[in-house]
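# Survey of secondary and tertiary structure
Spelled out, the chains give:
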Amino acid sequence: MDTLRSLAPAGEAAPVGEAAPFDDAELAVLRARFPVLRRTIGDHPLAYLDSAATAQRPVDVLDAERDYLERSNAAVHRGAHTLAEEATEAYEQARVAVAGFVGRADDELVWTRNATEGLNLVAFALSQYGTGGADAGDLTLRPGDEVVVTELEHHANLVPWQQACLRTGAHLRWIGLTDDGRLDETQLDDVITDRTKVLAFAHASNVLGTVLPVERLVERARAVGALTVLDACQSVPHLDVNLVDLDVDLAVFSAHKMLGPTGIGALAGRREILDALPPVLTGGSMVEVVTMESSTFRPPPQRFEAGTPPVSQAVAWHRAVEVLDDLGMDRVAAHEHALTERLLAGVTKIPGVRVLGPETATDRVGAVSVVVDGVHPHDVGQVLDAAGVAVRVGHHCAQPVHRRYGATASTRASVYLYTAPSEVDAFLEALAGVRAYFGRR
Amino acid sequence: MGSLDQLYQQVILDHYREKHGFGMREPGTGTRTAQSHQLNPLCGDEVTVRVALGRTGADDVVQDVSWVGDGCSISLASTSTLHDLVVGETTSEAGALVGAFRAMVRARGAAEPDEELLGDAAAFVGVGRHANRVKCAMLGWTAFEDALKRAVVDGQLSPGGSTVSDDEETA
Ligand SMILES: Cc1ncc(COP(=O)(O)O)c(C=O)c1O
């Protein structure tokens, strides 16, 4: 599969076909474009290892947003003045670019506030007997239907489905995990059945780093006629993802995890599926004819975009995907793969540190969560911060997967295209000192 | 690790290891008892504090603070110092101590810690500089404050049994 090109068979020296990690000189040039990476924390250079939560933004993206605001800022899709036309043009070009980045056409990409809103939009659209979609009937959840997720989901791809099931009388089921942090594929045929109406799953886990077997899951969903919903938050920023090749019906991702701004995300899906769905938020910008009694709705994507949209954010996101394209997602993936191997090799050597998730970098992204024996993640994070190392501590909005592995919380280091090997080393060194700090004194 | 040692003062690490008053104890005969469970939903830290009030003359006095919890060093050590501080105090004195502790940890590190008043708990002054840790430091104290209020208002009179009121609240 093209998307998983970056993930080399275990044991292979060069992680990716032809693509190589960024070398020192390339990385220096690249890092210079991220002003925040020049920060120091106390006496230490910042080692930002929390990109899975939110990524840093390069000057290219910051400038693009500012340039737009200083030159062309206006409301889109209304007004006949020059600024309104420029703004509309910039906004719709952004849609073309972001959609194209994941292999979709521009009318197949709906702007949302973030990935969470995208998933809620789908869960609501599938659970109301609303009107406006061409043929929502077949997709609507009803009593007796089943929604299937996995045990590693972010709360954003779990709670909306729990709620949808409560609203509709559908039943929620999930596919479990193996002890080494992979999806338990032996459960697939038992859990995904003729009753399954929706299969919603993460492409990559934000806690375990595991990349799920999309091909197998989609194949099974197709066989039983289920709609597929992909949470691509942790894959689109890091891997070369083509949603058409993956053959998923709907997918969501957020700009802020891929060099873009907060406040904007996307729901990208097959045209005929979007066309079948009823609107969820209603109001201005999404209607055709409105009388005092009733309204008709615009086709997708506008049908799902009520109200004034995040225009400057879309413009900034456009620039972000250009930066990613320029770098090449195969090289981004190769770079992160090498860093992931470095992280895993390092943490598995530290006594009293347990990795949640696969201990090999195969089919894995660079989010590495660990539990430090006898030291609470808050305290781990504090010690790391004192060394300038920024990591995430807590349950990372995924309580069930922590519970699955006997933890309530963990410490997560995550890499991105600008991460330097020296930052991984700073993390490993500080982590190795944590237990001593709390035990020795 | 200069800034780190400012936060994790030796006293705090000692209390983290020792945990004074840890473990739930049956209330003594004739005491009025209540307990409170507090949870920090952000990290899953939780603590349950049980207060047993006795009577000395005209005053309600904190006879015991027993507690269990699961959390970071800051939340557990601060509950341990709370135990040392409030046992033996009248309810109004105990309430004032909670107020003083809260004011200190919320002062963004600008407070002058009053060791005379707060004892070991004064060591948590450095928490104020870490906005994300204030909740950790307050967890046990919030539970105590809540349990104290309940014990005063409608605490179960204990014949030595274990009838206690419990409530889940989000800190
Ligand atoms: C796997 C996964 N799904 C969903 C989300 C939610 O993204 P957002 O908060 O941008 O809506 C995240 C981000 O934390 C994530 O990592």
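Each residue is numbered by its place in its chain's sequence as written, counting from 1. Labels are handed out in written order, letters beginning with A for the chains and numbers beginning with 1 for the ligands. Only residues with pLDDT of 70 or above have their local features reported here, since the model is predicted, and side-chain atom pairs are shown and tallied only from 80 upward, although totals for entire chains, interfaces and linings are computed over all residues. No hydrogens and no water enter the side-chain calculation; it runs on all heavy atoms of the structure.

Next up on the list: the interface of chain B and chain A. Any two residues whose heavy atoms approach within 4.5 Å are treated as being in contact. The partner chain A presents 14 residues to the 22 residues of chain B that form the contact. In this assembly, chain B packs against chain A so that about 1600 Å² is buried in total across both faces, 51% of it on carbon and sulfur atoms. Put simply, a salt bridge is a Lys or Arg side-chain nitrogen that is within 4 Å of an Asp or Glu carboxyl oxygen. Linking chain B with chain A are one salt bridge. For the salt bridge of D379 of chain A with R133 of chain B, the shortest nitrogen-to-oxygen distance reads 3.0 Å. Definition of a polar contact: a pair of N or O atoms within 3.5 Å, with one able to donate and the other able to accept a hydrogen when the atoms are protein atoms, and with sequence-neighbouring residues admitted only if both atoms are side-chain atoms. Remark: the boundary between chain B and chain A carries nine residue pairs in polar contact (both at pLDDT 80 or more). For the side of chain B that touches chain A, the secondary-structure elements that each account for two or more residues are α1 (2-7), α2 (10-18) and α3 (73-86) of chain B. Three residue categories are used. Nonpolar comprises Ala, Val, Leu, Ile, Met, Phe, Trp, Tyr, Cys and Pro, charged comprises Asp, Glu, Lys and Arg, and polar comprises the others, including Gly. When grouped by side-chain class, the residues that make up the side of chain B that touches chain A number twelve nonpolar, six polar and four charged. As used here, buried area is the combined drop in accessible area, with a 1.4 Å probe, of two parts when they are placed together. Put simply, DSSP H or I for four residues or longer makes a helix, DSSP E for two residues or longer makes a strand, and each gets a number counted from the N terminus.

Attention now moves to the packing of α2 of chain B against α3 of chain B. All names here are of chain B. Helix axes are fitted only over the stretch in contact, all axes being lines through C-alpha atoms; the angle between N-to-C directions runs from 0 to 180 degrees. Relative to each other, α2 and α3 sit at 85°, their axes nearing to 8 Å. If you check the angle between α2 and α3, you find them roughly perpendicular. Along the contact surface, α2 presents I12, H15 and Y16, while α3 presents S73, I74, L76, A77, S80, T81 and D84. Roughly parallel covers angles under 35 degrees, roughly antiparallel covers those over 145, roughly perpendicular covers 65 to 115, and oblique covers all other angles.

The next point concerns the domain arrangement of chain A. Residue and element names in this part refer to chain A. Start and end points for every domain follow an automatic or database-based domain assignment. Domain parsing of chain A yields domain 1 (4-57 + 328-435) and domain 2 (63-325). Each of domain 1 and domain 2 has a C-alpha centre, and the two are 27 Å apart. On the domain 2 side, the residues contacting the 42 residues of domain 1 number 38 residues. Between domain 1 and domain 2 the total buried area reaches about 3200 Å² when both faces are included, carbon and sulfur atoms providing 54% of it. When the buried area of domain 1 at its contact with domain 2 is split by residue, M329, V365 and R404 rank highest and sum to 20% of it. The interface formed by domain 1 and domain 2 holds two salt bridges in total. Ionic pairing is found between R404 and D179, a salt bridge with its closest N-O pair at 2.9 Å. At the surface where domain 1 touches domain 2, the tally comes to 26 residue pairs in polar contact (both at pLDDT 80 or more). Counting residues per element, the ones that place at least two in the side of domain 1 that touches domain 2 are α11 (329-347), β14 (367-372) and α13 (399-404). Looking at the side of domain 1 that touches domain 2, the element that brings in the most residues is α13, giving five residues. Residue composition of the side of domain 1 that touches domain 2, grouped by class: 22 nonpolar, twelve polar and eight charged.

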